[in-house]
Amino acid sequence: MRWWDLDRVIGLEHDLFPDDAWSRGMFWSELADARHPAATRTYLVAEATEGRIVGYAGLAAVAGTGDVQTIAVARDHWGTGLGARLLGALLQAATDAECHEVLLEVRVDNPRAQRLYERFGFEPIGFRKGYYQPGNVDALVMRRADPAQNIDNG
Ligand SMILES: CC(C)(COP(=O)(O)OP(=O)(O)OC[C@H]1O[C@@H](n2cnc3c(N)ncnc32)[C@H](O)[C@@H]1OP(=O)(O)O)[C@@H](O)C(=O)NCCC(=O)NCCS
């Protein structure tokens, strides 16, 4: 993901996260910490053949722990395996950054994303009460140990 992708990324962001979309400034600040020698962020976009951005994902890797910052797929591409490809790419980035674990937060009312993470070996480790605002929705915290380990992810 580069700055010139942001108009298209933010369009998708508002469609997919209507209640708590990231602002342009949040994406800028994430991208500012990508693509330099000491970068802690890895941000990817998936482009369809006609050049449309149909997915994106980001990882933070700090002191051996990876964090899935975001992952999103355009609605008309759901169920095609793109979410799995993006998550696989983030786990590869975590492996390259020598992370020994990867964490993420997911809304408790988002079973589709939870199933994707479970397929990749993420396990629930706790809750963050009222993590998502507005709406006061709890986050389920999930963890995958050893992202370098090859597992069957369907
Ligand atoms: C969560 C999200 C990223 C998943 O993306 P996706 O591209 O639909 O994910 P996948 O296609 O890899 O897997 C999803 C389902 O499609 C199925 N699937 C995967 N490839 C398939 C294929 N080739 N044919 C048919 N089904 C397929 C999977 O088995 C899976 O089914 P299940 O989870 O119901 O068992 C997407 O739904 C999304 O962007 N949601 C809104 C944003 C969001 O919630 N992000 C997560 C925030 S924590």
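Predicted model only: the values in this text are computed from it and were never measured. Residue indices begin from 1 for each chain and proceed along its sequence in written order. Residues qualify for local features only when their pLDDT is at least 70, as the model is predicted, and side-chain atom pairs are given and counted only at 80 or more; totals for whole chains, interfaces and linings, by contrast, use all residues. Side-chain figures throughout are based on the complete set of non-hydrogen atoms in the structure, without hydrogens or water.

Once that is clear, we can look at the sheet that holds strand β3 (residues 65-73). DSSP-based pairing: two strands are paired if at least 2 bridges between them are found. A run of DSSP states H or I qualifies as a helix once it reaches four residues; a run of E qualifies as a strand once it reaches two. Both are numbered from the N-terminal end. Read across the sheet, six strands follow the order β1-β2-β3-β4-β6-β5 without closing on themselves; strand pairing throughout is mixed. Each having just a single partner strand, β1 (41-47) and β5 (123-132) make up the two edges of the open sheet. Strand-to-strand twist in this sheet, taken as the mean axis angle between neighbours without regard to direction, amounts to 25°. One ladder, built from eight bridges, connects strand β2 (residues 53-62) with β3; its direction is antiparallel. Of the residues in β3, the one forming a bridge with L59 is V68. In this analysis an axis means a line fitted to C-alpha atoms, helices contributing only their contacting stretch, and an angle means the value between N-to-C directions, from 0 to 180 degrees.

Only heavy atoms are used to decide nearness, and a residue is near a molecule or strand if one of them lies within 4 Å of it. In the vicinity of the ligand, 21 residues are found, and the nearest of them are V73, G79, G81, G83 and N110. Two N or O atoms form a polar contact when they lie within 3.5 Å of each other; inside protein one atom must be a possible hydrogen donor and the other a possible acceptor, and for residues adjacent in sequence the pair counts only when both atoms belong to side chains. The backbone of G79 places a nitrogen or oxygen atom 2.9 Å from an oxygen atom of the ligand. Within the side chain of R115, one N or O atom sits 2.8 Å away from an oxygen atom of the ligand. Using a 1.4 Å probe, the Shrake-Rupley method yields the accessible areas, and only the shown protein chains count as cover for residues. Relative to its free-state accessible area of 940 Å², the ligand is covered by the protein chains to the extent of 71%. Computed over the protein atoms alone on a 1 Å grid, cavities are sets of points where a 1.4 Å probe fits but cannot get out and pockets are open sets with protein on both sides within 12 Å along at least five of seven lines; a residue lines them when it has an atom within 4 Å of a point. Placement in a cavity or pocket follows one criterion, namely that more than half of the molecule's atoms lie within 2 Å of its grid points. More than half of the atoms of the ligand fall within 2 Å of the grid points belonging to the largest pocket. Of all the secondary structure elements, the ones that give two or more residues to the shell around the ligand are β3, α3 (82-96), β4 (101-107) and α4 (111-119).

It is worth spelling out α4 at this point. We call a residue buried when its accessible area falls under 20% of the maximum for its residue type, exposed when it is over 50%, and partly exposed in between, using a 1.4 Å probe and counting protein chains only. Restricting attention to buried positions, one finds in α4 the residues A113, Q114, L116 and Y117. Looking straight down α4, one finds its buried side chains confined to an arc of 160°; they lie on one side. On its buried face, α4 sits against β3, α3, β4 and β6 (137-145). Two residues or fewer after α4 comes G121, characterised by a positive phi angle close to 85°. Comment: arc refers to directions from the helix axis out to C-beta atoms. Note on contacts: a residue pair qualifies if any of its non-hydrogen atoms lie within 4.5 Å across the two residues.

Orientation of helix α1 (residues 6-16) relative to helix α2 (residues 24-31), taken along the N-to-C sense of each, is 125°, at an axis distance of 11 Å. Judged on the interaxial angle alone, α2 and α1 are oblique. Here α1 runs over α2; the crossing is right-handed. Across from L6, D7, V9, I10 and E13 in α1, the residues of α2 making contact are R24, F27, W28 and L31. Geometric relationships in this document are graded by angle, where less than 35 degrees denotes roughly parallel, more than 145 denotes roughly antiparallel, 65 to 115 denotes roughly perpendicular, and other angles denote oblique. Two helices cross in a left-handed way if the nearer one is turned anticlockwise from the farther one by less than a right angle. They cross in a right-handed way if the turn is clockwise.

To continue, consider the layout of surface pockets. Grid points are joined across faces, edges and corners, and a volume is the space filled by probe spheres set on the points. A volume near 1,200 Å³ is recorded for the largest pocket. Around the largest pocket sit 38 residues that line it, and F17, I71, N110, A113 and Y117 are the ones nearest its centre. Per-element accounting of the lining of the largest pocket gives the leading share, seven residues, to β3. In this count, Pro and Cys sit with the nonpolar residues alongside Ala, Val, Leu, Ile, Met, Phe, Trp and Tyr, while Asp, Glu, Lys and Arg are called charged and the others, Gly among them, polar. Here the lining of the largest pocket is composed, by residue class, of 19 nonpolar, eight polar and eleven charged.

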